[in-house]
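Given next are the chains, with one letter for each unit.
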Amino acid sequence: MKRILFVGAIDRDNFGDLLFFLFCRRLLQGHEVQAGGIVFSDMRRLIGTLVFPYTQQLQHYRWDAVVVGGGELGGVSLEIALRMCLSPSQEAQFHTLRSQRR
C-alpha cells in the first residue's frame, strides 16, 4: 500500500479540485490517500475527509507520492486562497485590519 498526499484547493469549496480529489481517491483504492490544503479544514460532510495543511504533512510524514491537483487560469495568490477559507465575519475582520494596515 502506497501513502499518497493529494495537494489542492480541497480545504475550501473548489468544485474542480474536490472532484479531482474524489476521482483520484477512488482510482487509487487500496492506497492511503490523504488530502492536503493550505489550512486545516473539516470537509467530512462534503467529501468524507479532514484536510490538513500540506506543509505540516510534508514536514512530519513520509509519502510515496505527492499529487498536485487543480491549476488555475490566471492563478491564485496565497492571500486570496487563505481568504477563500474565511467565514463572512472573518472576511469582514480581515478587511478592517487590512484598512488599518495590520
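Keep in mind that this is a model prediction, so the values were computed, not measured.

Novice: Please explain the packing of aromatic side chains as it appears in this structure.
Specialist: Here the distance between the centres and the angle between the planes together describe a pair of aromatic rings. For the structure on display, the rule yields 4 aromatic pairs. Consider the rings of Phe-40 and Phe-52, whose centres lie 5.6 Å apart with planes at 55°: the pair is tilted. Of the two residues, Phe-40 is situated in the loop between β2 (32–37) and β3 (41–43) and Phe-52 in strand β4 (residues 49–53); the sequence distance between them amounts to 12 residues. Judged by relative accessible area, Phe-52 falls into the partly exposed class, the value being 29%. Members of the aromatic cluster, connected to one another through ring pairs, are Phe-6, Phe-20 and Phe-21. Positioned above the aromatic ring of Trp-63 is the side chain of Arg-3, whose terminal nitrogen or guanidinium carbon lies 4.4 Å from the ring centre.

Conventions we followed
Residues numbered from 1 in each chain as written. Predicted model: local features only at pLDDT ≥ 70, side-chain atom pairs only at ≥ 80, totals over all residues. Heavy atoms only, no water. Phe/Tyr/Trp six-rings, centres within 6.5 Å; stacked < 30°, edge-to-face > 60°. Helix = DSSP H or I, 4+ residues; strand = E, 2+ residues; numbered from the N terminus. Buried < 20%, exposed > 50% of the residue type's maximum accessible area, 1.4 Å probe, protein only. Lys NZ or Arg CZ within 6 Å of the ring centre and 35° of its normal.

So, to be careful, I would describe these as geometric facts and stop short of saying anything about function.
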